[in-house]
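Structure at a glance
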Amino acid sequence: MPVWDLSNAKHLLSRCLFGYSRKDLQRALAYSTVEAFVEKELLADSPLPAPPGDWITETPVNNNLEGERYRSLTYWWYDRMLAEETNMREKMVLFWHNHFVSARDKVNYPQHMYIQNALFRRMAWGNFRQLTKEVTIDPAMLIYLDGRLSRNNSPNENYARELMELFTLGIGNYTEEDIKQAALALTGWQVNGLTATFVPSRFANSNKTFFGKTGNFNHENIIDIILEKPQAAEFVCRKLYKEFVFYKPNEAFIKQMANVFRQNNYEIRPVLSFLLTSEEFFSTQYKGAKIKNPMEITLGVLKAFDLTAVQITPSADWAYIFSQTQALQQQLFSPPDVQGWVGQRDWISSTTYAVRGGFSDYVVNAMGNTRSTQFKLIPPPVDYARSYKTSEEAIKFVDDIVSVFLQFPISSPKKQTLVNTLLGSTILANWSTSTPGAENQIKALLKAIMRLPEFQFA
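Throughout this document, residue positions are counted from 1 along each chain, in the order its sequence is written. The predicted origin of the model limits local features to residues at a pLDDT of at least 70 and limits the giving and counting of side-chain atom pairs to 80 or more, whereas totals for whole chains, interfaces and linings rest on all residues. No hydrogens and no water enter the side-chain calculation; it runs on all heavy atoms of the structure.

1. Quick word on the overall build of the chain
Along its length, the chain carries 21 helices and four strands. Our radius of gyration is a C-alpha quantity, and the globule rule it is checked against amounts to 2.2 Å times the number of residues to the power 0.38. Against the globule reference of 23 Å for 458 residues, the chain gives a C-alpha radius of gyration of 24 Å, in line with a compact fold. If one aligns the C-alpha atoms of the chain with their principal axes, the spans along those axes are about 85 × 55 × 40 Å. Burial classes: relative accessible area under 20% of the type maximum marks a residue as buried, over 50% as exposed, and values in between as partly exposed (1.4 Å probe, protein chains only). Counting every position in the chain, which comprises 458 residues, the buried fraction comes to 56%. Whether two residues touch is decided by their heavy atoms; if any such pair falls within 4.5 Å, the residues are in contact. Of the contacts made within the chain by residues no fewer than 6 positions apart, 72% connect residues no fewer than 24 positions apart. Put simply, the chain shows about 18,700 Å² of open surface, and 50% of that area lies on carbon and sulfur atoms. Going along the chain from the N terminus, every DSSP run of H or I of four or more residues is numbered as a helix, and every run of E of two or more is numbered as a strand. Per-residue accessibility takes into account occlusion by the displayed protein chains alone, with areas from the Shrake-Rupley method and a 1.4 Å probe.

The structure is reproduced here in C-alpha cells:
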C-alpha cells in the first residue's frame, strides 16, 4: 500500500486535477489512506452542474450566435475545472474529449458539443462499453466523422476506421475489410435538430462479416465484438496510463490494468481506482515527469493562489485564460485533428514556454493591483505571504512556497537564488513582510518560482 504523505498527495492531485490549492492538500491528507481519499473524494459521484444557458435546448439554426455561445460554453467549462475541488470528474471529461474527438471547426452548433460534453461528464467513470455505444450515435460525432452521411448504398468509412484505430484497438488490430463491414453496420443514423435518429431505410439491412463473425450487425453489435478482443482493454488502459502516469507505458502493468478492466465488464471506475492506488503510480521516477498541459498550467496558477470559481469575472478573467490557452495551443472544443492533443513534449516550444512565463508573471502582477483588469480578487502579495506560518522566516518561507508549487525538491543553488530574490537588497536577519518593498520582493519570488523549468511539470 502506498504511503499517504505530502509528497504522494501532491503527486496524486497534480495528475488528477487542474492544479491544487493548499486547502486541497489539507483535505486530501485528512484521510488516513490513499484508498479512502480516492474512493471518497477523487472518484466520488457528485451532482451534475447546471448547463451554461437556456440556449442548449434551442433547435440549431444559423443565427450568428454560434461563436458567442461556444465562448460561453468554454468559459462554463473553465468554471467547472476551477470549481472541481478534489474530484477528478472534470479531468476525465477532458480525457474523453481528447479520446473521442470532435471539434467545433466541423460541429457548427455549440448545442451539439454541449450534449457530447455532458455525456462525457455523466459517464466520466461509468461503463466504457456503453460510453462508446452512446458516442457512436452522438450528434456531434455523427457530424464530425460523417456518420450522418452514411447510408446502405454508400457507407462512409470515417467513423468505422477511427472507432478501431483511435478509440478502441489501435493500428494493426483490424483489416480494411473489417472497416468496410463495420461501416455497413453503422449506417442509418441522421441528426435532426438536437437529436440523432435512426432511419431504417438508410440502414444496410443485411449480413456483415466482422472479425470472423457473421450477422445483421448494428453499431452496438460491432462495439460488443470489438471489446471481445483483448487488445481493446489494453488500448484504453494504455491511454489512461499515458495520461495519468507516464508517456512511456509499462506494458506489464498495462496488462494488469486491462485484466481489471475486463473483469469489471469495462467499468472505468475500478480500473482508475486500481491505477491511482498502485505502487506503480507513486513510483518516484514518475513524480514531476509530466509536462503540464495549458489548462493545468493556467488554472493551476489560479488554484495555487487560492482563487475560487466564485471569485472569477468571466468577461475579464476567463477571456484572458481563453486567449492564453489559445496561444499555448489548447483551445477547448478545438483539438487539432481526430487524434486530439498529443501532449507532453508537444506542449513546450520556445514560443509557448515564453507564453507560460508571461502568464504567471501577469497573474502575480495582478495581486493587490486595484487597476488590474483581470484577477482582481487574488490576495495582495503580503496577505498571501502571511497565510503561511513561516512568512517572517525567509528560508523557511521559500521552502514552504516551493513545497506547494513544485513536485520535487530543487537544488541548493536554486534555492539560494530564490532566497536572494525574496530578500532583494536586505539581509536575512532583517527580512519581514512589514519591510518597505516587501510586496515587490514577494512578487519577484513568486514569479521566479513559476518561471523555473520545474514548475512546468506535474
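2. Details of the pattern of salt bridges
Salt bridges are counted wherever a side-chain nitrogen of Lys or Arg sits within 4 Å of a carboxyl oxygen of Asp or Glu. One pass over the full model with this rule turns up 25 salt bridges. Here Glu58 and Arg69 are joined by a salt bridge, their closest N and O atoms 2.9 Å apart. Note that Glu58 is positioned in the loop between α3 (34-42) and α4 (66-82) and Arg69 in helix α4, a separation of eleven residues in sequence. Classification of Glu58 as partly exposed rests on a relative accessible area of 34%. For Arg69, a relative accessible area of 12% puts it in the buried group. Note that Lys290 and Glu296 form a salt bridge whose closest N and O atoms lie 3.1 Å from each other. The pair formed by Lys290 and Glu296 is uniform in burial state, with each residue classed as buried. Sharing partners across several salt bridges, the network here consists of Lys91, Glu243, Lys290 and Glu296.

3. Section: the packing of aromatic side chains
What characterises a pair of aromatic rings is the spacing of the ring centres plus the angle enclosed by the ring planes. In summary, the pairing rule links any two rings of Phe, Tyr or Trp, Trp by its six-membered ring, whose centres are within 6.5 Å, and it sorts them by plane angle into stacked for under 30 degrees, edge-to-face for over 60 and tilted for everything else. Scanning all chains against the criterion turns up 36 aromatic pairs. Look at Phe305 and Tyr384: their rings are 5.1 Å apart centre to centre, the planes differ by 70 degrees, and that puts the pair in the edge-to-face class. With Phe305 in the loop between α15 (294-304) and α16 (314-327) and Tyr384 in helix α18 (residues 381-386), this pair connects stretches of sequence that are 79 residues apart. As far as the burial class goes, Phe305 and Tyr384 line up, both buried. An aromatic cluster of three or more residues is present, and its members are Phe95, Trp96, Phe100, Phe120, Phe128, Tyr159, Phe167, Phe244, Phe261 and Tyr266.

4. Notes on the nonpolar core
Inside soluble globular proteins, nonpolar side chains tend to come together where they are buried. The biggest cluster of nonpolar side chains holds 154 residues, and the ones touching the most others in it are Leu12, Met92, Phe305 and Phe405. Discounting residues that sit within four places of it in the chain, Leu12 has contacts with Trp4, Val34, Phe37, Val38, Leu42, Leu276, Phe281 and Phe282. As used in this record, nonpolar core signifies buried Ala, Val, Leu, Ile, Met, Phe, Trp, Tyr and Cys residues forming a set joined through side-chain atoms within 4.5 Å.

5. Observations concerning helix α17 (residues 350-366)
With 17 residues, α17 should cover 24 Å at 1.5 Å per step; its first-to-last C-alpha distance of 25 Å lies within 8% of that length. Taken residue by residue, α17 has Thr352, Val355, Arg356, Gly357, Phe359, Ser360, Asp361, Val363, Val364 and Ala366 as its buried positions. On its buried side, α17 packs onto α15, α16 and α21 (438-450). Note on α17: the residue one or two positions beyond its end, Gly368, has a positive phi of about 70 degrees. Expected helix span is given by 1.5 Å per residue-to-residue step, counting one fewer step than there are residues.

6. Observations concerning the pairing of strand β1 (residues 189-192)
Residues Trp189 and Val191 point to one face of β1 and are all buried, whereas Gln190 and Asn192, pointing to the other face, are not buried. Paired strands are those between which DSSP finds at least two bridges. Bridge count between β1 and strand β2 (residues 195-198): four bridges; the pairing is antiparallel. Within the sheet, the bridge partner assigned to Val191 lies in β2 and is Ala196. The loop that links β1 with its antiparallel partner β2 comprises two residues; one of these, Gly193, has a positive phi angle of about 65 degrees.

7. Considering the side chain of Glu41
Inspection of the secondary structure assignment puts Glu41 in helix α3. Note on Glu41: relative accessible area 9%, which makes it buried.

8. Looking at α4
With 17 residues, α4 should reach 24 Å at 1.5 Å per residue; the first-to-last C-alpha distance of 24 Å fits that figure. Across the 17 residues of α4, 13 count as buried, placing the element largely inside the fold.

9. A few points about the environment of Ala183
Residue position: Ala183 is located in helix α10 (residues 176-185). The residues touching Ala183, leaving out its near neighbours within four places in the chain, are Ser150, Pro155, Asn156, Glu157 and Ala160.

10. Details of unusual backbone geometry
The phi dihedral of Tyr266 is positive, around 65 degrees, even though this residue is not glycine. Mapped onto the secondary structure, Tyr266 falls in the loop between α13 (251-263) and α14 (268-276). Residues other than glycine seldom take positive phi values, yet Asp306 does so here, at roughly 65 degrees. As for its position among the elements, Asp306 is in the loop between α15 and α16. Overall, the relative accessible area of 28% leaves Asp306 in the partly exposed class.

11. Considering the packing of α4 against α15
Each packed pair of helices is defined by two parameters, the angle between the axes and the distance between the axes. For helices, the fitted line uses only the C-alpha atoms of the stretch in contact; every axis is such a line through C-alpha atoms, and the angle between N-to-C directions lies from 0 to 180 degrees. It is the contact of α4 with α15, at a shortest axis distance of 10 Å, that shows an interaxial angle of 55 degrees. Here α4 is positioned oblique relative to α15, judged by the angle of their axes. In the crossing of α4 with α15, the sense of the turn from one axis to the other is right-handed. Contacts from Tyr78, Met81 and Leu82 in α4 reach Met295, Leu299, Leu302 and Lys303 in α15. Along the lines of polarity and charge, the residues of the contact of α4 with α15 split into six nonpolar, no polar and one charged. Each angle gets one of four labels, with under 35 degrees taken as roughly parallel, over 145 as roughly antiparallel, 65 to 115 as roughly perpendicular, and the rest as oblique. For any pair of crossing helices, the crossing counts as left-handed if the nearer helix is rotated counterclockwise from the farther one by less than a right angle, and right-handed if it is rotated clockwise. Throughout, the ten residues Ala, Val, Leu, Ile, Met, Phe, Trp, Tyr, Cys and Pro are labelled nonpolar, Asp, Glu, Lys and Arg are labelled charged, and all others, Gly among them, are labelled polar.

12. Some points on the side chain of Arg22
Along the chain, Arg22 falls in helix α2 (residues 22-29). Each polar contact in these results corresponds to two N or O atoms within 3.5 Å; when the atoms are within protein, one needs to be able to donate a hydrogen and the other to accept it, and residues that are neighboring in sequence are counted only if both atoms are side-chain atoms. There is a polar contact of 3.1 Å between the side chain of Arg22 and the side chain of Asp306. Residue contacts for Arg22: discarding those within four places in its chain leaves Asp306, Tyr384, Ser387, Tyr388 and Val404.

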